[in-house]
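# Architecture and fold: a report
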Amino acid sequence: QWIATLVASRGACQYCCPQVGYHALTLDHRQPLNLGGDHSEENVTPVCLACNKRKHDMPYAAWVECEELRRLTAICMLEMRHARLTQRVEQVAA
């Protein structure tokens, strides 16, 4: 089962999507074993090590919410940094 799932992934992480190659993919349980998940084909998916480490033992849905929050926070931080830099440039130009 796992080999078929791995081949179907075409070497791409099923969470962040880059082609990392089959050798770099790890098995993740979408519903962690410690939270009642199992080894069924529907519950295992190939993901890169970085995603697997970040998700750790969170259920997939909760992890997606955390990742979205991280993404939105990062965007907000970049926008604030851009606004500060723009303000400094305008001050220097004046």
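As a reminder, the structure under discussion sits directly above these lines.
Residues numbered from 1 in each chain as written. Predicted model: local features only at pLDDT ≥ 70, side-chain atom pairs only at ≥ 80, totals over all residues. Heavy atoms only, no water.

## Remarks on the environment of Gly-37
The line we're drawing: Helix and strand assignments follow DSSP, with helices taken as H or I runs no shorter than four residues and strands as E runs no shorter than two, numbered in order from the N terminus. Only protein chains enter the accessibility calculation, which uses a 1.4 Å probe; a residue whose area is less than 20% of its type maximum is buried, one above 50% is exposed, and one in between is partly exposed. Contact between two residues is taken to exist if any of their heavy atoms lie within 4.5 Å; hydrogens are not considered.
In this structure, Gly-37 sits in the loop between strand E1 (25-29) and strand E2 (44-48). Residue class for Gly-37 comes out buried when judged on its relative accessible area of 18%. When the C-alpha positions of Gly-37 and Glu-68 are compared, they lie 23 Å apart, and in sequence the two are 31 residues distant. In contact with Gly-37, other than residues within four places in its own chain, are Gln-31, Pro-32 and Asn-43.

## Focus: the pairing of E2
Selection criterion: Only strands that DSSP links by at least two bridges are regarded as paired with each other.
Where burial is concerned, most of E2 is hidden: five out of the five residues are buried. Burial of the side chains of E2 extends over both faces: Val-44, Pro-46 and Cys-48 are buried on one face and Thr-45 and Val-47 on the other. Note: E1 against E2, five bridges, orientation antiparallel. Paired with Thr-26 across the bridge in E2 is Val-47.

## Side note on the pattern of salt bridges
Filter applied, for reference: Here a salt bridge means any side-chain nitrogen of Lys or Arg lying within 4 Å of a carboxyl oxygen belonging to Asp or Glu.
All chains considered together, the criterion is met by four salt bridges. Among the ionic pairs, Glu-67 bridges to Arg-70, the shortest N-O distance being 2.2 Å. Of this pair, Glu-67 and Arg-70 both sit in helix H3 (residues 60-93), three residues apart, which is roughly one turn of the helix. A salt bridge links Glu-68 to Arg-71, with the shortest nitrogen-to-oxygen separation between them at 2.7 Å. A residue pair is termed a helical-turn pair when its members lie 3 or 4 positions apart in one helix, as Glu-68 and Arg-71 do in helix H3 at three residues. When salt bridges with common partners are traced through the structure, they connect Arg-54, Glu-67 and Arg-70 into a single cluster.

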